[in-house]
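# Understanding the architecture of this molecule
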Amino acid sequence: MVEFQTTFSAKTVDNFAKYQLKKSVWIFVAISAVFIVAGILFIVFTDSFFDDDGLLSLDVLIGIILILSGIILFPIFLYSVKHSQKNANSTMSILSDQTYSVFTFDENQLTISQKKGDTFEAFTKAKYDYLFKVVETKTNYFLYISSAQCHVIDKASLTQGSLDEFNTLLLNNLQYRFKPMKKKFN
């Protein structure tokens, strides 16, 4: 048996948000790079930097706008993600350092119990099929129950068993739906 005892706090949700952000950040970096390269191309391949009135040509202005758009797109994306996560966190009444979660795993099933004082209590007992997939990172396990929802377990919250034992349980019960952390070799 393997057990983790943790809290359901803003830190927990932030860990998941950071993991999700790392998966999608390359898309926005690529889009920004396309804008910047297009802007440079507009400027480099213009016939003339200035029009007949001595003002910057339309191609140069479009190039400058594309470059600036590419530069500010990524910071705007990061700000909007963090801002929307902060707003979402403020609406979750159970998101608190006083919400305790206990995750217990044995050969055939898992149990999850959560409690926040006398205002909230939840208990789930399920077979491993309850999990859509599990992803292991350096510091966490993300137990997805759908493609967008998951339980987050901090590895440091292990109270019984071992991480190797847990990985074996997950591998035996989930097979390809368990994504263990890639080991780095020296």
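Keep in mind it's a predicted model, so treat the numbers as computed, not measured.

Conventions we followed
- Residues numbered from 1 in each chain as written.
- Predicted model: local features only at pLDDT ≥ 70, side-chain atom pairs only at ≥ 80, totals over all residues.
- Heavy atoms only, no water.
- Helix = DSSP H or I, 4+ residues; strand = E, 2+ residues; numbered from the N terminus.
- Buried < 20%, exposed > 50% of the residue type's maximum accessible area, 1.4 Å probe, protein only.
- Pairing = 2+ DSSP bridges.
- Phe/Tyr/Trp six-rings, centres within 6.5 Å; stacked < 30°, edge-to-face > 60°.
- Core = buried A, V, L, I, M, F, W, Y, C linked by side-chain atoms within 4.5 Å.
- Contact = heavy atoms within 4.5 Å.

Below, the discussion takes up the environment of alanine 156. Looking at the secondary structure, you find alanine 156 in the loop between β7 (150–154) and β8 (158–160). Residue classification places alanine 156 among the exposed positions, given a relative accessible area of 70%. Residues alanine 156 and phenylalanine 4 lie 152 residues apart in sequence; the distance between their C-alpha atoms is 8.4 Å.

What follows covers the pairing of strand β2 (residues 99–105). Burial within β2 is extensive, with five of its seven residues counted as buried. Where β2 and strand β3 (residues 109–116) come together, seven bridges link them in antiparallel fashion. Within β3, the position partnered with valine 102 by the bridge is serine 113. Hairpin connection, β2 to β3: the antiparallel pair is bridged by three residues.

This part covers the packing of aromatic side chains. Under the defined criterion, the tally for this structure stands at seven aromatic pairs. Residues phenylalanine 4 and phenylalanine 105 carry aromatic rings whose centres are separated by 6.2 Å and whose planes lie at 85° to one another, so their mutual orientation is edge-to-face. One end of the pair, phenylalanine 4, is in strand β1 (residues 2–7); the other, phenylalanine 105, is in strand β2, with 101 residues separating them in the sequence. Note on accessibility: phenylalanine 4 and phenylalanine 105 belong to one class, buried. Residues phenylalanine 4 and tyrosine 141 carry aromatic rings whose centres are separated by 6.2 Å and whose planes lie at 65° to one another, so their mutual orientation is edge-to-face. A residue pair is termed long-range when its members are at least 10 positions apart, and phenylalanine 4 in strand β1 and tyrosine 141 in strand β6 (residues 140–144) qualify at 137 residues. For phenylalanine 4, a relative accessible area of 0% gives the class buried. Chaining the aromatic ring pairs together yields one cluster made of Phe4, Phe105, Tyr141 and Phe166.

Glancing now at the nonpolar core. In terms of nonpolar packing, the biggest core is built from 17 residues, with Phe4, Phe105, Tyr128, Val134, Tyr141 and Leu170 touching the most fellow members. Breaking this core down by element, the ones donating at least two residues are β1, β2, β3, β6 and α3 (163–174). For this core, the element with the highest residue contribution is α3, accounting for four residues. In this structure tyrosine 128 touches Phe105, Asp106, Glu107, Asn108, Gln109, Leu110, Leu169, Leu170, Asn173, Leu174 and Arg177, once residues within four positions along its chain are discounted. Grouped together as the second largest cluster of nonpolar side chains are seven residues, Val135, Phe142, Tyr144 and Cys150 included.

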